[in-house]
Amino acid sequence: MAVALPMAGVTEDVWIPTACDMCYNGCTVQVHRVDGVAVKIEGIPGVGPNYGKTCAKGLSALMNVYSPNRVQAPMVRTNPQKGVGVDPGWKEISWDEALDLFASKIKAAMDKDPRSILTHTFDRYTYSVAKAFSTAVGSPNVTMGSAGIFCGNGTHPVAFTLTASNEIHDDLKYCNHLLMFGASAGFVGGHNAMGYSVEMQDARQRGMKLTVVDPVLNYAASHADEWIPIRPGTDAAFALAMMREWVIVQDHYDKTFLKRHTNATYLVGADGRYIRDKATNKPLVGIAATGAALPFDQAPSDEAALEGTFTVDGVQATPAFVVFKKHLEPYTAEYASKVTSVPAATITRVAHEVVEAASIGQTIQLEGDTYPLRTAAISWYRGISAHRHAMASGMLMGQLNMLLGAVDVPGGVLNSSSMGPTWRPNLDPDGFIYPGNPLAGHMKPALPRRKVSAPETLELQELFPTSVYARAMLWLGLLEGDKFGLPYKCEVLVTSRGNIMQTSGDPDTMAKAMKTIGFIVSLNPFEDETAAFADLLLPDQHSLERLTPLVGNPNNFTNAASVDESGTWNFQQPVVKVVEKARNWGEVLIDVAFRAGIGPDMNTALNAACHITGEYQLKRDQKYTWEDFSDRWTKSTVGADHGLDYFRKNGYLKDEARLAKYAYPLIHHGGRVPLYLEHFLDAGVAVKAYTDSRDIEWDVSDYSAVMDFQPCLTEKQAPAQFDMWLVNQKLPFMAGTYSAENPLLMDLAKRNSKVFNIGINRATAARKGIVDGDEIWIETPIGKKVKGIARLTEGIHPECASAPGMFGRTTAGNKDAIGKDGSRGVHFNNLVQFTLDRMDTVSAALDSCVKIKISKA
Amino acid sequence: MIQCKVIFAGLIKRVVGTSEMTVTLPAGSTLGDLLADLTARFGQEFEDKILLNGDLANHAVVMIDGDYAREVGGMQARLDRQTPAQVEIVLLGPPLLGG
Ligand code: SF4
């Protein structure tokens with residue numbers, strides 16, 4: 001791939017393929033290098049997963065590689081006082097000294113309690129190594145922190161529920177009407193950001209209708225057929241009213257899907273639990289024609305009843321769907337209108353349009369099989385997840401898709417990590433699917449049912465039996481772990497490429513939590529806010545300097561190839577010379593493991609975490625170079641002919657086109673998905689029993705088999721003068737805090753006042769005497785106060801103001817990103833209240849409903 | 001009889017209190033038999049960490065002579081393919097999940 005094109009006076013002129021690192025989608029890119037200097041980045045025409053396209057972030061990656069503000073050498077703290085803005089008194093030391101110190105702290109912590117070691121990163125590409133390190137030390141504490149605080153809590157558990165995969169994506173090949181709640185997928189946001197944006201563009205040109213429900217006219221809404229402004233945190237009421245419209249008013253939903261592929265027909269008793277067969281313990285279904293009750297797997301699904309009453313051994317029972325339908329009754333469009341501020345006629349109209357577009361009952365022939373064709377789907381993400389009742393809202397989004405029958409079929413929402421010939425879901429004893437992919441065999445879905453136990457993890461995951469993670473609870477585990485029965489304190493934090501001080505809620509609370517940690521090692525290219533708490537700061541390589549195997553993987557959720565499209569394998573290779581003392585942080589972890597005396601376990605853990613097989617497995621007693629490890633992992637995963645040499649030469653490898661049977665597995669796997677969340681009931685009882693036993697107030701109201709709307713606490717508690725919400729708005733050229741470390745992207749933001757300033761509805765601003773460009777104060781009920789510049793717009797709900805992106809960096813790592821004018825933007829998370837009562841105790845989401853008052857500065 | 005060298009890595013090491021041991025099992029024994037034997041030695045906490053509903057828990061990776069147990073028969077995988085058998089039991093931390 002590297003082609004020499006010498007020009008006059010130029011001794012080298014090459015394009016080098018690699019993978020982008022400016023968000024975690026791993027687009028395949030090529031870097032133009034002239035005389036050893038990287039001068040341009042662009043896509044490779046047609047190559048996935050990004051179809052040759054590159055976003056503004058990817059194009060800007062050059063900016064930081066040559067920055068003089070990078071961490072230049074290993075440094076140790078001399079000032080014991082820690083905090084953002086406090087000089088750590090860094091003293092330069094050698095790598096040898098640094099690694100010995102690092103290893104000695106790991107050894108000491110292991111001697112005390114290995115669980116006291118916490119590894120944190122948002123580096124998807126090296127996560128397996130971080131996980132292996134954590135495994136080798138014997139700790140369950142490895143986390144991605146960051147987005148798990150606001151983002152995926154109402155998405156991943158639902159994705160598992162619907163598709164036995166951790167992520168879902170909409171089938172833009174066949175969808176004719178996409179209804180999107182609080183999301184940016186298809187608009188340079190979400191997973192496979194660029195690839196999906198290309199597919200979105202194709203779908204829109206084909207005529208797919210797009211309706212966006214969001215408080216802000218975001219990038220998705222600005223390209224949609226219709227934008228429906230909604231009050232923050234009320235999407236659940238909208239969804240419930242739509243379902244009521246379909247089920248109770250119109251009697252228009254996919255009954256066949258419910259009977260064949262869900263538990264809607266499973267009989268439940270007065271306590272909401274399944275009625276089970278005495279002999280087999282299988283849930284029973286009622287047969288409408290005979291009145292008999294049979295184990296679900298012995299009854300013809302289409303003959304099982306969705307409605308009616310049955311008597312089993314003298315006990316009255318109804319199909320679960322009866323309970324589901326009854327709970328929809330209060331959710332009229334008029335009720336939802338009061339809650340959401342969306343006119344009732346709009347809710348009803350959208351409900352009609354979507355269900356009509358779904359073509360319920362239609363089928364399509366693909367590769368010799370007959371598939372249900374459901375040409376409408378519901379998509380959602382952070383807007384749903386960043387609330388006190390994230391799990392409930394997310395499950396309701398999933399249930400909308402179930403009622404349409406739009407799950408893992410052409411046109412619906414599809415699993416996005418379980419594709420490929422190795423995938424098969426397993427079935428639990430009640431017939432429900434759960435991940436069976438050997439590459440994802442360690443995931444934690446809600447089914448099969450998990451036990452609640454005394455917390456062993458700093459994130460208190462054991463108290464979240466139906467969630468996939470509990471990342472937002474880290475501060476609570478650090479500060480109050482003993483109250484929850486956690487038997488140790490955090491002794492060592494290893495953190496790299498993730499900035500928990502900036503991406504958690506209120507930084508003051510997070511700072512207190514950070515100060516409880518005995519020793520912190522930060523491996524970073526820049527000294528960020530989290531590094532302000534580090535005891536040891538180690539220079540990490542820039543993405544254009546590092547070797548990282550298997551960044552792009554067709555089996556990964558960031559690839560998510562649609563039917564007939566190919567997934568892509570790619571990797572990162574050094575494109576420019578590494579600045580003198582920077583090292584690849586994955587390699588550093590392996591080195592430290594050997595120095596700490598746990599090298600053999602590190603190798604075993606690397607084999608397990610990376611699924612390295614056969615002759616490529618690392619032997620326990622041998623130390624491998626990063627190159628050798630990378631080559632083994634790559635060959636084991638992609639094949640003997642496709643090791644590092646292949647990728648160095650070719651940059652990427654296109655996988656085979658995805659077959660319909662993998663893209664649309666519903667009719668092939670024979671399993672079910674739970675519309676009725678019976679497994680939540682016992683989970684809630686167990687959580688309550690544990691928290692009661694320790695006198696902890698813990699809300700279990702969302703552990704319900706049917707989900708209801710509940711308002712966020714802010715709505716109930718804020719005094720009347722706090723009459724607006726501040727909402728956070730995603731920008732396509734900002735992802736993670738490191739975007740705000742990039743001078744080019746910050747410059748782009750600042751030059752565009754439409755995205756840098758605080759959006760306020762024009763009519764609202766007029767009432768408050770605020771004009772475009774005014775300096776304003778934003779105040780919260782807990783006394784947080786920040787200054788911003790007003791930007792007046794019709795593109796925001798009248799009761800809201802919007803703070804875009806991930807701005808307001810305090811130290812910013814790269815001070816050139818802040819620039820000479822000193823403007824940094826508003827740090828939204830700084831205003832978010834970080835207390836237990838603001839958290840979803842089912843999904844561990846942190847409520848980002850922030851009530852504010854605004855005034856002229 | 002089958003001689004089985006068992007290596008423990010990750011969180012499970014704390015539960016069993018050792019990093020490796022040798023177990024002797026009757027001829028024809030399977031992974032299920034080995035795990036039952038280890039449960040008898042190390043108690044309910046061992047089983048709770050490794051098994052879910054009688055099968056390998058999602059986060060438990062077991063390698064038998066370098067092969068992933070899930071791919072060679074799971075709980076029914078035989079242990080007499082090599083003498084002595086080498087079984088590595090690893091408890092992994094949580095998976096990477098998007099966002
Ligand atoms: S979407 Fe992400 S990985 Fe792709 S080019 Fe943009 S920043 Fe890079």
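Residues numbered from 1 in each chain as written. Chains lettered and ligands numbered in written order. Predicted model: local features only at pLDDT ≥ 70, side-chain atom pairs only at ≥ 80, totals over all residues. Heavy atoms only, no water.

Re the domain arrangement of chain A
Residue and element names in this part refer to chain A. Going by this rule: How far each domain reaches was decided by an automatic or database domain assignment. By definition in these notes, contact holds between two residues if any of their heavy atoms fall within 4.5 Å. The term buried area means the drop in 1.4 Å probe accessible area that two parts suffer when joined, counted for both and summed. The rule for a salt bridge is simple: a side-chain nitrogen of Lys or Arg has to be within 4 Å of a carboxyl oxygen of Asp or Glu. Two N or O atoms form a polar contact when they lie within 3.5 Å of each other; inside protein one atom must be a possible hydrogen donor and the other a possible acceptor, and for residues adjacent in sequence the pair counts only when both atoms belong to side chains. Note on conventions: DSSP H or I runs of at least 4 residues are helices, E runs of at least 2 residues are strands, and numbering of each starts at the N terminus. Gly is put with the polar residues, along with every residue not named as nonpolar or charged; the nonpolar set is Ala, Val, Leu, Ile, Met, Phe, Trp, Tyr, Cys and Pro, and the charged set is Asp, Glu, Lys and Arg.
Looking at the assigned domains, one finds that chain A contains domain 1 (153-415) and domain 2 (715-856). Between the C-alpha centres of domain 1 and domain 2 there is a distance of 32 Å. Across the boundary between the two partners, domain 1 contributes 24 residues, which contact 28 residues of domain 2. Together, the buried faces of domain 1 and domain 2 total about 2,000 Å²; carbon and sulfur atoms form 59% of this surface. At the boundary of domain 1 with domain 2, the tally comes to one salt bridge. We note a salt bridge from arginine 231 to glutamate 799, for which the minimum N-O separation is 2.7 Å. Where domain 1 packs against domain 2, one counts twelve residue pairs in polar contact (both at pLDDT 80 or more). The set of elements that each furnish at least two residues to the side of domain 1 that touches domain 2 consists of α13 (382-385) and α14 (390-404). Its residues assigned to classes, the side of domain 1 that touches domain 2 comprises 13 nonpolar, eight polar and three charged.

Here we look at the nonpolar core
Where we set the bar: Nonpolar cores were defined as sets of buried Ala, Val, Leu, Ile, Met, Phe, Trp, Tyr and Cys residues, with membership established by side-chain atoms within 4.5 Å. The rule is simple: take the accessible area with a 1.4 Å probe, protein chains only, and divide by the maximum for that residue type; under 20% is buried, over 50% is exposed, in between is partly exposed.
Core analysis: the largest hydrophobic core is formed by 165 residues, its most contacted members being Phe181, Met242, Phe321 and Ile760 of chain A. For this core, the leading source of residues is helix α8 (residues 235-249) of chain A, giving ten residues. By size, the runner-up hydrophobic cluster in this structure holds 66 residues, among which are Phe102, Leu547 and Leu589 of chain A together with Ala9 of chain B.

Structural notes on the packing of α8 of chain A against helix α12 (residues 344-357) of chain A
All names here are of chain A. The following threshold applies: Under this scheme, a helix contributes an axis fitted over its contacting stretch, all axes are lines through C-alpha atoms, and angles between N-to-C directions fall in the 0 to 180 degree range. For classification, angles of less than 35 degrees are called roughly parallel, those exceeding 145 degrees roughly antiparallel, those between 65 and 115 degrees roughly perpendicular, and all remaining angles oblique. Helix crossings fall into two classes, left-handed where the near helix is turned counterclockwise from the far one by less than a right angle and right-handed where it is turned clockwise.
It is at 9 Å that the axes of α8 and α12 come closest, and there the two elements cross at 60°. Overall, the two elements α8 and α12 adopt an arrangement that is oblique. Considering only the axes of α8 and α12, their crossing is right-handed. Contacts between α8 and α12 involve Phe238, Ala241, Met242, Glu245 and Trp246 from the former and Ile347, Thr348, Val350, Ala351, His352, Val354 and Val355 from the latter. Residues of the contact of α8 with α12, tallied by class, amount to nine nonpolar, two polar and one charged.

A closer look at the pairing of strand β16 (residues 315-319) of chain A
Residue and element names in this part refer to chain A. Spelled out, the test is: Pairing between strands requires that DSSP locate at least two bridges from one strand to the other.
Pairing between strand β12 (residues 267-268) and β16: two bridges, direction antiparallel. By the bridge assignment for β16, leucine 267 is matched with proline 319. Inspection of the sheet shows strand β15 (residues 310-312) paired to β16 by three bridges, in the antiparallel sense. Paired with threonine 311 across the bridge in β16 is glutamine 316. The hairpin formed by β15 and β16 contains two residues between the paired strands, and aspartate 313 there has a positive phi angle of roughly 50°.

Some remarks on the packing of aromatic side chains
Residues and elements named next belong to chain A. Stated precisely, the cut-off is as follows: Any pair of Phe, Tyr and Trp rings, taking the six-membered ring for Trp, is counted once the centres come within 6.5 Å. Such a pair is stacked with planes under 30 degrees apart, edge-to-face with planes over 60 apart, and tilted for the rest.
Taken as a whole and assessed by the stated rule, the structure comprises 22 aromatic pairs over all chains. Both rings, one in tyrosine 331 and one in tyrosine 335, keep their centres 5.5 Å apart while their planes meet at 70°; by these two values the pair is edge-to-face. Relative to tyrosine 664, the ring of tyrosine 371 lies with its centre 5.9 Å away and its plane at 70°, an arrangement referred to as edge-to-face. Of the two residues, tyrosine 371 is situated in strand β18 (residues 369-372) and tyrosine 664 in the loop between α22 (660-663) and α23 (666-669); the sequence distance between them amounts to 293 residues. Comparing tyrosine 371 with tyrosine 664, the two get one shared label, buried.

Observations regarding the site of the ligand
Residue and element names in this part refer to chain A. Stated formally: Residues are counted as near a molecule or strand when any one of their heavy atoms sits within 4 Å of it.
Around the ligand sit Cys20, Met22, Cys23, Gly26, Cys27, Thr54, Cys55, Lys57, Gly58, Ala193 and Met194, and those are all the residues in its vicinity. Those elements giving two or more residues to the shell around the ligand turn out to be α1 (56-59) and α6 (193-206). A class-by-class count of the residues in the shell around the ligand yields seven nonpolar, three polar and one charged.

Topic: the pattern of salt bridges
Residue and element names in this part refer to chain A. Counted under the stated rule, the structure contains 63 salt bridges over all chains. Put simply, arginine 595 and aspartate 591 hold a salt bridge, and the shortest N to O gap is 3.0 Å. Of this pair, arginine 595 and aspartate 591 are both found in helix α18 (residues 585-595), four residues apart, which corresponds to roughly one turn of the helix. Judged by relative accessible area, arginine 595 falls into the partly exposed class, the value being 27%. Accessibility expressed as a relative area gives 10% for aspartate 591, which makes it buried. Of the charged contacts in the structure, one is a salt bridge between aspartate 692 and lysine 688, with a shortest N-O distance of 2.9 Å.

Quick look at the side chain of asparagine 742 of chain A
Residues and elements named next belong to chain A. With respect to the secondary-structure elements, asparagine 742 resides in the loop between β29 (724-729) and α26 (743-751). Looking at asparagine 742, its side chain comes within polar contact range of the main-chain oxygen of serine 60, at 2.9 Å. Polar side-chain contacts of asparagine 742 include one of 3.0 Å to the backbone nitrogen of leucine 744. Those residues in contact with asparagine 742, other than ones at most four positions away along the chain, are Met22, Ser60, Ala61, Met63, Asn64 and Ala817.

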